[in-house]
Every structure is written in C-alpha cells, then in structure tokens.
Amino acid sequence: MTENLVVRRAEGLVEQAVADTRVILLNGARQAGKSTLARQVARRHDASWRSFDNPQTRSAATFDPIDFVRADQMIVIDEVQRVPDILLPIKLQVDENPRPGSFLLTGSARVMGLKHVTDTLPGRVETIELWPFSQGEIDGAPDDFVDSVLTDPLALRPTSELTKHDYVERVCRGGFPDAVFRPEGRRSVFLRNYVADLVNREATQVAEIQRTPQMRTLIQLLAAQVGGLLVPANLAQTTGLSKTTVSKYLAVLHEVFLIKIIPAWSRGATARAVKTPKLAFVDSGLAAQVAGHDSRSLLRADALLGGLLENFVAMELARQTSWSTTDAEVFHYRTKDGVEVDIVLQDRRGAVVGIEVKASSTVVSADFSGLRHLATRLGSDFLAGIVLYTGPETLSFGPNLRAMPVSALWQTQTARREHSP
C-alpha cells in the first residue's frame with residue numbers, strides 16, 4: 001500500500017466545499033498529506049498550482065499580489081502561511097468575482113489564528129483540518145464509531161482478533177504517511193527528524209522562538225505526560241521557563257498541530273468539576289518516539305502504555321468528529337474528588353457517551369466507577385459508558401455499560417437510520 005492509494009475522509013469534504021465556498025483552507029500538521037490531497041483536487045478541477053515552498057513563487061506573490069491571485073480557474077496555494085499577506089488580495093479577488101471554488105489553500109499552521117494575519121476572510125472561507133491517517137484510512141475500514149455510538153450505542157457488539165501487541169504496534173506507528181509505510185527503524189528516523197524540523201523551521205516561522213533547546217525540553221516533558229492535565233505553572237517549574245514563556249510555547253505547538261488541547265467537560269453549576277484541560281499529541285507515534293518508547297518497552301509495562309493508548313483513542317475520535325454526520329465534541333471529565341472519565345463524547349443535543357481506555361486485555365467492574373458516576377449525574381442524557389480495552393469481545397457490565405475492543409473505533413459501521421444531528 002502507498003499513500004496515494006489511501007482514500008482520505010477529508011477529500012469528500014473538500015469537494016463539497018469547492019461546490020459552494022469561495023475559499024477552502026486545508027489546514028493540518030506538516031507531512032500529513034495536505035499537498036498530496038490538494039494536488040488530487042487540483043488535477044480534477046484543472047487548477048493552477050502554486051507553492052510557497054518555492055522562493056521564486058513567494059517573491060512573485062510579494063512583488064505583485066493582486067496579479068498573483070488573478071485567474072479564471074481555481075488557484076491552489078500550498079503552504080499559504082509563508083506569505084500570510086496574500087489573504088487580503090484573495091479577499092479582494094473573491095469579493096470581485098464570488099465564484100465557488102476560487103481558491104484552495106493549504107497550511108501547516110493554523111493560518112487564520114496567526115497574530116500577523118491582517119484579514120481572516122470572514123464568511124468567505126471554510127477550514128477543513130487534515131489529520132495524519134486514521135486507522136480506518138490505513139486499513140480501508142469504516143471509521144464510523146462516533147456516528148454509531150451516538151446513534152445506538154447498545155446495539156454495538158464488535159469483536160476483534162487484534163492482540164495487545166497489535167495495538168502497541170499501531171500506537172507506535174501513528175498515522176503520518178511517511179511513517180506508516182516505513183519499517184520501524186526508518187520510521188524512528190523520520191519521527192526524530194520531524195520534531196527537529198518542527199522546532200527549527202515551523203515554530204520559528206509562527207513565532208519568534210529564541211530558546212529552541214528549551215522548547216525541545218518542553219516537548220519531551222509533554223510527551224512523557226500525555227493523557228495528563230495541562231498545567232502551565234507546573235511545566236514552568238519543571239523546565240525553568242517562566243509561565244508566560246511556557247504558555248507562549250504551548251500556543252505555538254498547538255498552532256503547528258503538534259499537540260491538541262482536550263477541554264474539560266462540565267454541565268450546569270458544579271463546584272466539584274476540574275476545569276483544567278488535558279494534553280494530547282496529534283500523533284501517537286510521535287508522542288511515543290519523543291518519550292523514548294518503542295513497541296518492546298511499551299509491552300513490558302501497562303503503566304507506560306496507558307497514557308499513550310488513551311492519547312491514541314482520543315485522537316482517533318477527534319479525527320472522526322471532523323467528518324462524522326453527528327456534530328460531536330471530545331472532552332474529558334475529572335472532579336476534585338478524583339472521579340474521572342478519560343473521554344466524554346457529546347453531541348450538540350447534549351447526549352453523552354463516556355469512554356474509559358484500558359491497556360489491559362481484561363476488564364473488571366471497578367473500571368466502570370467513573371462511568372457510573374457520570375450516568376448518575378446525567379440521567380437520560382447518558383447514552384452509554386464504554387471501556388475500550390485490548391481484549392477481543394464486547395461484554396456487558398450493566399444496562400448501559402459495555403467493554404469493547406479498541407478496534408471498534410475503526411471497524412464499526414453505522415446502520416444508517418434516521419437520528420437527530
């Protein structure tokens with residue numbers, strides 16, 4: 001299998017946007033496949049291709065930006081964050097000629113959030129995030145868990161032939177196209193170089209980072225505590241950086257799609273819910289590499305695997321929410337009393353599925369304690385509590401409590417019945 005043979009879920013979203021939106025921004029981590037997908041769309045629409053990785057192209061765009069964005073067909077601009085001032089001429093062009101599908105932009109930073117961007121094209125742009133490959137994209141599997149679990153969770157009875165070793169391999173492999181299709185040793189080289197390039201090139205383009213060794217130290221510290229609460233003051237104390245600097249670096253790492261912030265879930269007035277967000281790496285393979293783990297070390301200790309497997313699951317769910325029919329968000333839940341649920345999946349009606357992630361291949365009743373707490377609090381809005389584990393079967397632990405194999409995330413196919421969005 002090669003990258004070009006993988007069917008990207010985002011491709012359909014891009015084509016839908018081309019039909020009714022003037023500017024489409026394909027945002028995501030570098031090396032996630034944005035340029036490959038954009039080239040496929042460009043060929044289909046006979047578009048003009050321009051890349052700001054090319055210094056001559058950047059120079060032309062800077063010298064005469066109005067002429068640069070003038071064309072009768074779609075213009076694709078790759079790595080648009082390198083010349084953010086081009087956005088204003090694009091706005092003028094689409095206002096003068098409001099044709100759907102006029103521009104397809106790609107960016108390896110959150111272009112519209114950059115502080116030096118002078119115009120964010122309000123009402124004219126649709127942003128689509130392209131992630132590293134999902135497990136379903138790699139396997140050619142449904143990737144339909146979010147829709148399924150928020151439609152009829154208790155109808156799901158998946159089984160799996162995957163072992164804990166298989167899951168560890170997937171965690172360490174991650175989803176970057178250049179990593180997925182390499183042998184393990186070469187994959188490590190790619191992931192090491194990825195972090196170095198990210199700090200030395202991408203991060204310094206987004207912000208004036210003066211202390212790159214300290215940023216590398218911060219990234220290593222973050223990788224060592226994936227699945228934990230994100231507390232800048234604690235990170236500052238450990239790294240010796242100021243809290244202001246840590247917060248700035250965290251913002252930069254978020255802007256370049258290295259990390260994701262998982263917000264805390266709460267509903268109504270409660271003094272017991274902790275509002276601190278959780279940290280996740282966009283790619284579990286990258287997190288494992290930075291933390292110094294491989295499949296052999298992770299198989300030796302569930303304690304090491306637990307946080308990375310939770311990260312893996314949370315980011316597979318986050319990927320799915322970018323294309324699912326159901327409008328859903330990913331949260332975590334923790335109280336000051338220590339009650340926690342790893343992942344809270346909530347749709348816009350307020351219906352909730354709680355998810356715990358266990359590296360063990362067996363599940364016991366105590367693993368559902370946080371989910372039972374959440375069920376009591378939510379009443380009829382609690383659809384189900386699910387423990388995802390590395391065992392093979394779906395097991396019942398109560399009327400709306402189930403243990404399921406982790407692979408249910410990408411092997412589940414929704415029965416397309418009518419349900420509220």
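Shown above is the structure to which this text applies.
Residues numbered from 1 in each chain as written. Predicted model: local features only at pLDDT ≥ 70, side-chain atom pairs only at ≥ 80, totals over all residues. Heavy atoms only, no water.

**Points about the overall build of the chain**
Then comes step 1: From N to C terminus, the chain includes 18 helices and 13 strands.
Then comes step 2: Radius of gyration (C-alpha) of the chain: 22 Å, near the 22 Å computed for a compact globule of 421 residues.
Then comes step 3: Considering only C-alpha atoms, the chain reaches an extent of 65 × 55 × 50 Å along its principal axes.
Then comes step 4: Burial analysis of the chain (421 residues in total) assigns 54% to the buried set.
Then comes step 5: Restricting the contact set of the chain to residue pairs at least 6 apart, pairs at least 24 apart contribute 73%.
Then comes step 6: By element, 48% of the accessible surface of the chain is carried by carbon and sulfur atoms, the whole surface being about 17,400 Å². (Helix = DSSP H or I, 4+ residues; strand = E, 2+ residues; numbered from the N terminus. Rg over C-alpha atoms; globule rule 2.2 N^0.38 Å. Buried < 20%, exposed > 50% of the residue type's maximum accessible area, 1.4 Å probe, protein only. Contact = heavy atoms within 4.5 Å. Areas by Shrake-Rupley, 256 points an atom, 1.4 Å probe, with all protein chains shown as cover.)

**Brief notes about the layout of surface pockets**
Then comes step 1: Roughly 360 Å³ of volume is contained in the largest pocket.
Then comes step 2: Surrounding the largest pocket, 20 residues form its lining, E129, W131, K260, A318 and T321 being those nearest its centre.
Then comes step 3: Elements with a minimum of two residues in the lining of the largest pocket: β5 (125-129), β6 (259-262), α16 (302-321) and β8 (328-334).
Then comes step 4: The greatest single-element share of the lining of the largest pocket, amounting to 4 residues, is contributed by α16.
Then comes step 5: Its residues placed into classes, the lining of the largest pocket shows 11 nonpolar, 5 polar and 4 charged. (1 Å grid on protein atoms, 1.4 Å probe; cavity = no way out; pocket = protein on both sides within 12 Å on 5 of 7 lines; lining within 4 Å. Points joined across faces, edges and corners; volume = space filled by probe spheres on them. Nonpolar A, V, L, I, M, F, W, Y, C, P; charged D, E, K, R; others polar.)

**Things to note about the side chain of N27**
Then comes step 1: Note that N27 resides in strand β1 (residues 23-27).
Then comes step 2: Among the polar contacts made by the side chain of N27, one reaches the main-chain carbonyl oxygen of G107 at a distance of 3.0 Å.
Then comes step 3: For N27, the side chain forms a polar contact with the main-chain oxygen of A109, separated by 2.8 Å. (Polar contact = N/O pair within 3.5 Å; in protein donor to acceptor, adjacent residues only side chain to side chain.)

**A short note on the pattern of salt bridges**
Then comes step 1: Considering all chains together, one arrives at 19 salt bridges under this definition.
Then comes step 2: For R170, the salt bridge goes to D139, with nearest N and O atoms at 2.8 Å. Residue R170 is located in helix α8 (residues 164-173), and its partner D139 is located in helix α6 (residues 135-139); the two are separated by 31 residues in the primary sequence.
Then comes step 3: Here the residues in one salt-bridge network are E11, E15 and R44, joined through shared partners. (Salt bridge = Lys/Arg side-chain N within 4 Å of Asp/Glu carboxyl O.)

**Quick notes on the sheet that holds strand β12 (residues 395-396)**
Then comes step 1: Strand order in this open sheet of 6 strands is β8-β9-β10-β11-β13-β12, and the pairing throughout is mixed. If you trace the sheet from one side to the other, it starts and ends with β8 and β12, each paired once.
Then comes step 2: Taken together, the 6 bridges between β8 and strand β9 (residues 340-347) define a ladder with antiparallel strand orientation. Considered in β9, the bridge of Y333 is made with V341.
Then comes step 3: Contacts between α16 and the sheet are confined to β8, β9, β10 (352-357) and β11 (382-389), with β9 contributing the most and set at about 5° to the helix. (Pairing = 2+ DSSP bridges. Axes fitted to C-alpha atoms, helices over the stretch in contact; angles between N-to-C directions.)

**Regarding the pairing of β11**
Then comes step 1: For β11, a buried count of 7 out of 8 residues is recorded, marking the element as mostly surrounded by other parts of the structure.
Then comes step 2: In the sheet, β10 pairs with β11 via 6 bridges, with the strands oriented parallel. Residue pairing across strands places E356 opposite V387, the latter belonging to β11.

**Details of the sheet that holds strand β3 (residues 75-78)**
Strands pair in a sheet through their backbones, by hydrogen bonds, and they do so in one of two ways: parallel or antiparallel.
Then comes step 1: The 5 strands are arranged β2-β3-β4-β1-β5 in an open sheet whose pairing can be described as parallel. Every other strand in the sheet has two partners, leaving β2 (48-51) and β5 as the edge strands with one partner each. Between one strand axis and the next, the sheet turns through 15° on average, direction left out of account.
Then comes step 2: The sheet contact formed by β1 and β5 spans 5 bridges and is parallel. Along β5, the bridge assignment pairs I24 with E126.
Then comes step 3: The sheet strands contacting helix α1 (residues 9-20) are β1, β4 (103-107) and β5, and the helix crosses β5 at an angle near 175°.
Then comes step 4: Against the sheet, helix α5 (residues 87-96) contacts β1, β3 and β4, and its axis sits at roughly 160° relative to β4.

**Comments concerning the nonpolar core**
Taken as a class, soluble globular proteins show a tendency for nonpolar side chains to be buried jointly.
Then comes step 1: Ranked by internal contacts, the top residues of the largest apolar core, which has 75 residues, are F145, I219, L222, F281, V313 and L317.
Then comes step 2: Considering every element that reaches this core, the biggest residue donor is α16, with 9 residues.
Then comes step 3: Ignoring anything within four residues of it in the chain, the contact list for V313 reads I343, V357, L388, V406 and L409. (Core = buried A, V, L, I, M, F, W, Y, C linked by side-chain atoms within 4.5 Å.)

**Looking at the packing of helix α12 (residues 232-239) against helix α13 (residues 243-255)**
Then comes step 1: Where α12 meets α13, the closest approach of the two axes is 8 Å, and the angle between their N-to-C directions is 110°. Taken together, the axes of α12 and α13 are roughly perpendicular relative to one another. When you trace α12 past α13, the crossing you get is right-handed. Contacts between α12 and α13 involve P232, A233, L235, A236 and T239 from the former and K243, V246, S247 and L250 from the latter.
Then comes step 2: The residue inventory of the contact of α12 with α13, partitioned by class, reads 6 nonpolar, 2 polar and 1 charged. (Parallel < 35°, antiparallel > 145°, perpendicular 65-115°, else oblique. Left-handed = near helix turned anticlockwise from the far one by under 90°.)

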